[in-house]
Protein chains: 8
Amino acid sequence: MISTRTRIAAAIAGLAAVTAVAVPAAASSGRLVQTSHLSIAAAQKAASAALDAATKAGQHVSVAVVDRDGNTVVTLRGDGAGPQSYSSAEQKAFTAVSWNAKTSELVGRLQQNPTLKDIDGTLFLAGAVPFAAGSTPIAAVGVAGAPSGAQDESFAQVGVDALGK
Amino acid sequence: MISTRTRIAAAIAGLAAVTAVAVPAAASSGRLVQTSHLSIAAAQKAASAALDAATKAGQHVSVAVVDRDGNTVVTLRGDGAGPQSYSSAEQKAFTAVSWNAKTSELVGRLQQNPTLKDIDGTLFLAGAVPFAAGSTPIAAVGVAGAPSGAQDESFAQVGVDALGK
Amino acid sequence: MISTRTRIAAAIAGLAAVTAVAVPAAASSGRLVQTSHLSIAAAQKAASAALDAATKAGQHVSVAVVDRDGNTVVTLRGDGAGPQSYSSAEQKAFTAVSWNAKTSELVGRLQQNPTLKDIDGTLFLAGAVPFAAGSTPIAAVGVAGAPSGAQDESFAQVGVDALGK
Amino acid sequence: MISTRTRIAAAIAGLAAVTAVAVPAAASSGRLVQTSHLSIAAAQKAASAALDAATKAGQHVSVAVVDRDGNTVVTLRGDGAGPQSYSSAEQKAFTAVSWNAKTSELVGRLQQNPTLKDIDGTLFLAGAVPFAAGSTPIAAVGVAGAPSGAQDESFAQVGVDALGK
Amino acid sequence: MISTRTRIAAAIAGLAAVTAVAVPAAASSGRLVQTSHLSIAAAQKAASAALDAATKAGQHVSVAVVDRDGNTVVTLRGDGAGPQSYSSAEQKAFTAVSWNAKTSELVGRLQQNPTLKDIDGTLFLAGAVPFAAGSTPIAAVGVAGAPSGAQDESFAQVGVDALGK
Amino acid sequence: MISTRTRIAAAIAGLAAVTAVAVPAAASSGRLVQTSHLSIAAAQKAASAALDAATKAGQHVSVAVVDRDGNTVVTLRGDGAGPQSYSSAEQKAFTAVSWNAKTSELVGRLQQNPTLKDIDGTLFLAGAVPFAAGSTPIAAVGVAGAPSGAQDESFAQVGVDALGK
Amino acid sequence: MISTRTRIAAAIAGLAAVTAVAVPAAASSGRLVQTSHLSIAAAQKAASAALDAATKAGQHVSVAVVDRDGNTVVTLRGDGAGPQSYSSAEQKAFTAVSWNAKTSELVGRLQQNPTLKDIDGTLFLAGAVPFAAGSTPIAAVGVAGAPSGAQDESFAQVGVDALGK
Amino acid sequence: MISTRTRIAAAIAGLAAVTAVAVPAAASSGRLVQTSHLSIAAAQKAASAALDAATKAGQHVSVAVVDRDGNTVVTLRGDGAGPQSYSSAEQKAFTAVSWNAKTSELVGRLQQNPTLKDIDGTLFLAGAVPFAAGSTPIAAVGVAGAPSGAQDESFAQVGVDALGK
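Per an unreviewed UniProt entry, chain A goes by the name Heme-binding protein and belongs to Amycolatopsis iheyensis.

Now the structure itself:
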């Protein structure tokens, strides 16, 4: 797991220049760390792209974007999506951003550690893809409602890919 | 999974006629989608039929009807039903309407995807039967309290069958 | 309070034409009622319009769209919005759609019935505006995070207005 | 599973005879106490009568019947009832059966003891009417969704009255 | 507030006389059903006996008595009992009274129906023993905190046995 | 507010003698603090005394004993007590032990600080009496279900008084 | 209210230099926003300072530090603090960071908007002090357990002051 | 399982000397039992040591200390720790103190009793180490967030070891 909060201690010089106006004292005292989040504009873009991909495929899904602090940033309850899909999308995204891995991959880790899935807020089902900046996890897009988790995850991937455009 | 919300875009003409007074602008702009629900009269009929079937069989059960939005529409705590039966009936019905399948069938899907059962609000135990209009899931009847889930499900089936009469 | 579920009994002829393929038996038996929802596309449009209005005003808010069944359809956690704003936006919208009135107006009703605010899921604070089709409540847009509820509600109004365009 | 609720239908005279077989030792040792519940048939009758009264009055409401142990026995989510009405009806009924009084009357008690309303599960809003056997509270019917609590309570009263017929 | 649980101790003979005034119509119309509960005196006796048995065995446990409506009637957090024991004792007792069987036996049923344990409020661990009047389940005593569930259940059995004395 | 955890630093000598076997290193290093709890035997005695007092007065109540760590130690759901009484008794006791004062007195503090009552787990209603050892709060007995809080509190007082005998 | 997420758009040049390895694409696309948090070392320092101040004053309190995303970063349950103090400290801190104001000041806002206090997670009681970097809220220190909120808040202020040293 | 509450009955003489002023009657009547807790100073020391060990190893974790009554005493959300780590650390610590064993060992007990993990508040994942005084469990340190539970537990061990210094 990689930290989203990189201590600025090792890089005071450059960051102080950037944030000098906002948090000058902090930057020089090491009291503050920064976390990166998707802007809401970017998160909406990713969520919409995932939903559109599902719609084109004739699937009815819900979509969620969750940030590295565990907060849900965007939710979309798609037309005709099953009632179970809304919280599923959120929890898949929470799971992916927690371990910075696709939930399809994380399901495999249960073979070694089956009780991982007992952690609050998690759902170990394919359908979510993390978004990282380098090795730093930033957010994840979760999708639920298609007949298979693999399909859900393909839509989530479209959402993440949209962030690179 | 089939959507309960069929965009009216493809059929504006007819629906506009029906709902012209209520939602004329919406119908012409594609802003609205419709979902189908059991009327409360029909839901009561189904629930009562399921409960009666159980009573005739000498079983003490609770019954719930849940709609496609995940809302519980009717609950009946049968005379002598165990305290665990009330929420069980609701969660079975929620599960059946989510995947538009009997819970006895859904239990089988856990072999492929055992973590499906970790989705909030679900209970993968035989006892619930969905009601669909064509391929569109509308609601489900859930029953709990009999010695076996198969029995519970036979009563739920009587409930659903009552909707066709 | 106005119903979103208008029995189709009085208008079988027209609706049957529209939904004949999907729910023929239902239409002819009066078993089904229809509820209107914002399409997810429309709900996103409304939410984005509300958020954009806040951003232009230099305010950091969260936005939610809740439908008449009480389900949250869209959420947007705006950049820099306070942590209390996310659930506030949802609960304001839930409140507005429940009584089909702006929450600024509903606050006034507490003088007569102060315990209305004890109902689960409600928040009697200005900031949400309902959307209706005729007299039928469909959804509401809720906003939270600005210094005053009046400002929040002005952004929510922009969201609802966007639905008419 | 065995029922703990044996209908007394076979009548009063025979009660000693009836329960002699089932709980002979208890009866002679004072280990057991009995609580009276509405039969599910009676509870359904009351709930339906309340809902029908509301429908005739053109109101869209939810109805709940709660027993003296605090358990919900019947719920009916009426066509077009607002999303806040379902839990409101339950909590009003819970409140009425707890103090064996109409909630319209209980609201008045808040003037003396305003924190009564902080008790878990209660809602001090007009709309629920208790049903008692003599001075023994048995159950309550709660209604929510009409424009005023007074109207809700008039429908609940119809439900309770139906029990006397 | 009026009690719904009139001790039958004052004797069977007079009950018809007593309740004739209170619920005559009900009795003749089948509106009411009766459920049997342990008197609080009996429940305390059972709980204390279970706790004493554990103490004599040098074990530190919590004890709970739950009735057939699922309500907890007595809890005892024993000196030195682990923090996990309190809710465990309640949930074991809830489970035993729901199926009218010892939890040690119910654990075995999971082999056929592993998802039974997903029902709300249940805990499928040895340690609880039901109390029935004939074939009618009345309550259960649950114990938790000893090194093995078998030990917990032996203490619960002492509690139930105390009811027969 | 008085601490229940008096650092043993000032009295190592004596305590070390007492607990020398169990926690020798701790006693000499100041790592440990001690909290006093009612023994379960004493807590049962207090709860039973409170319930008996209510029964003698013809009232149907529930009783709870809560310790200074906020854990419930004993609960008794009295015969015929209303369903709201169980959690009320617990929360009253929690409130009394938190501020080491009778809840009848604490209600008065709301005039100065009305939002005190919004603290999780509290209920500011007469009916609970704390038990202290000197100025150190140890536990509280809470009672609920009588027509007035003053009556409830008189029964709770009997419970606390029983601890002195 | 001031945003903690200042878009980096206006300062791409410098930040790109700092985080070039980690988030190069993001920095150049405006997709990411940054939030400032107290380092855990700083948060511990603040919490400890607050607790020490209380201890010196002979008060037994709990302390919490909550960040602008609403996450609790540090909690300290002080020796002898009442059981109500732990969640109180957290909720006070959540409230202060939400509105970037001391809770003693926020209490005053209830006169205009009494329902502000119904927002989830908030507690409008004196005792918490926010920490900001310029006008950007970063975190808050909350204290609970002293006889008055004013005292609690004086300890919280010591905690915040420690961040400036 | 070993009790943390050793009745003082066997050692009245010495303890009475220590606490003579505070609880004289109690000591002589056997009404009170004592539980040992880590002082908050010691708990902070342990938590900080665990966090520092993780930081030195380049891991981003959260840390919690839970006492034998199940109350959380200290939490530290480390810089860059995943959002799932905070509650995981608490629940691991709760689990370890409940059975007075490392969670890595407790995981093994699931082979015999797989439903142990269904007990409320527990998490059977390596990462927590109990602290005992002799055979009396006092508290546990839980750590979560490292790639493996074994690593988490090594940091927790450092925390516990710090208590011995």
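Continuing now.
**Side note on the relation of the copies chain C and chain G**
With an RMSD of 0.0 Å, the operation that places chain C on chain G is a rotation of 90° combined with a shift of 0.0 Å along the axis. The operation mapping one copy onto its partner corresponds to a four-fold rotation axis. No C-alpha of chain C lies nearer the rotation axis than that of Asp118 of chain C, which sits 6.5 Å from it.

**Notes on the sheet that holds strand 4 (residues 72-77) of chain A**
The strands that make up a sheet are held in pairs by hydrogen bonds between backbone atoms, and each pair lies either parallel or antiparallel. The strand order across the open sheet built from eight strands is 5(A)-6(A)-3(A)-4(A)-4(C)-3(C)-6(C)-5(C), with neighbouring strands paired in antiparallel fashion. Across the chains shown, the open sheet's two edge strands, defined by having one partner strand only, are strand 5 (128-133) of chain A together with strand 5 (128-133) of chain C. Between one strand axis and the next, the sheet turns by 15° as a mean value, whatever way the strands run. Looking at chain direction, strand 3 (residues 62-67) of chain A and strand 4 of chain A are connected through five bridges and run antiparallel. Paired with Ala64 of chain A across the bridge in strand 4 of chain A is Thr75 of chain A. In this fold helix 3 (residues 40-56) of chain A packs onto strand 3, strand 4 and strand 6 (136-144) of chain A together with strand 4 (72-77) of chain C, with an angle of close to 30° to the strand it touches most, strand 4 of chain A. Each of strand 5 and strand 6 (136-144) of chain C touches helix 6 (residues 149-162) of chain C; the most contacted strand, strand 5 of chain C, lies at about 25° to it.

**Some remarks on the pairing of strand 6 of chain C**
Residues and elements named next belong to chain C. With nine of nine residues buried, strand 6 is to be regarded as a mostly interior element. Pairing between strand 5 and strand 6: six bridges, direction antiparallel. Looking at the pairing, Pro130 lines up with Ala140 of strand 6. Hairpin connection from strand 5 to strand 6: two residues lie between these consecutive antiparallel strands, with Gly134 at a positive phi of about 65°.

**Some points on the pattern of salt bridges**
Residues and elements named next belong to chain E. By the definition in use, this model includes 24 salt bridges over all chains. In this structure, Glu105 engages Arg109 in a salt bridge whose closest nitrogen and oxygen atoms are separated by 3.0 Å. Highlighted residues: Glu105 and Arg109, both in helix 5 (residues 103-109), separated by four residues, approximately one helical turn. The exposure class of Arg109 is partly exposed, given its relative accessible area of 33%.

**Structural notes on the interface of chain C and chain G**
With 19 residues of chain C at the contact, the number on the chain G side is 20 residues. Carbon and sulfur atoms make up 54% of the surface buried where chain C meets chain G, a total of about 1500 Å² over both sides. There are one salt bridge connecting chain C and chain G. The partner of Asp118 of chain G in a salt bridge is Lys117 of chain C, and the shortest N-O contact between them spans 3.0 Å. Connecting chain C to chain G are four residue pairs in polar contact (both at pLDDT 80 or more). A total of three residues in the side of chain C that touches chain G trace back to one element, the largest contributor, which is helix 4 (residues 85-99) of chain C.

**As for the packing of helix 3 (residues 40-56) of chain B against helix 3 (residues 40-56) of chain D**
The geometry of helix 3 of chain B relative to helix 3 of chain D is characterised by a closest axis approach of 13 Å and an angle of 175° between their N-to-C directions. When the axes of helix 3 of chain B and helix 3 of chain D are compared, the pair comes out roughly antiparallel. Contact residues: Ile40, Gln44, Ser48 and Leu51 of chain B in helix 3 of chain B; Ile40, Gln44, Ser48 and Leu51 of chain D in helix 3 of chain D. Split by residue class, the contact of helix 3 of chain B with helix 3 of chain D holds four nonpolar, four polar and no charged.

**Re the packing of aromatic side chains**
Under the defined criterion, the tally for this structure stands at eight aromatic pairs over all chains. An angle of 55° between the planes, with centres 5.5 Å apart, marks the rings of Trp99 of chain A and Phe124 of chain A as tilted. With a gap of 25 residues between them, Trp99 of chain A in helix 4 (residues 85-99) and Phe124 of chain A in the loop between helix 5 (103-109) and strand 5 connect regions that are remote in the sequence. Comparing Trp99 of chain A with Phe124 of chain A, the two get one shared label, buried. In this structure, Arg77 of chain B packs its charged tip against the face of Tyr86 of chain B, placed 4.3 Å from the ring centre.

What counts, and where the lines are drawn
- Residues numbered from 1 in each chain as written.
- Chains lettered and ligands numbered in written order.
- Predicted model: local features only at pLDDT ≥ 70, side-chain atom pairs only at ≥ 80, totals over all residues.
- Heavy atoms only, no water.
- Least-squares fit on C-alpha atoms with pLDDT ≥ 70 in both.
- Pairing = 2+ DSSP bridges.
- Helix = DSSP H or I, 4+ residues; strand = E, 2+ residues; numbered from the N terminus.
- Axes fitted to C-alpha atoms, helices over the stretch in contact; angles between N-to-C directions.
- Contact = heavy atoms within 4.5 Å.
- Buried < 20%, exposed > 50% of the residue type's maximum accessible area, 1.4 Å probe, protein only.
- Salt bridge = Lys/Arg side-chain N within 4 Å of Asp/Glu carboxyl O.
- Buried area = accessible area lost by both parts, 1.4 Å probe.
- Polar contact = N/O pair within 3.5 Å; in protein donor to acceptor, adjacent residues only side chain to side chain.
- Parallel < 35°, antiparallel > 145°, perpendicular 65-115°, else oblique.
- Nonpolar A, V, L, I, M, F, W, Y, C, P; charged D, E, K, R; others polar.
- Phe/Tyr/Trp six-rings, centres within 6.5 Å; stacked < 30°, edge-to-face > 60°.
- Lys NZ or Arg CZ within 6 Å of the ring centre and 35° of its normal.

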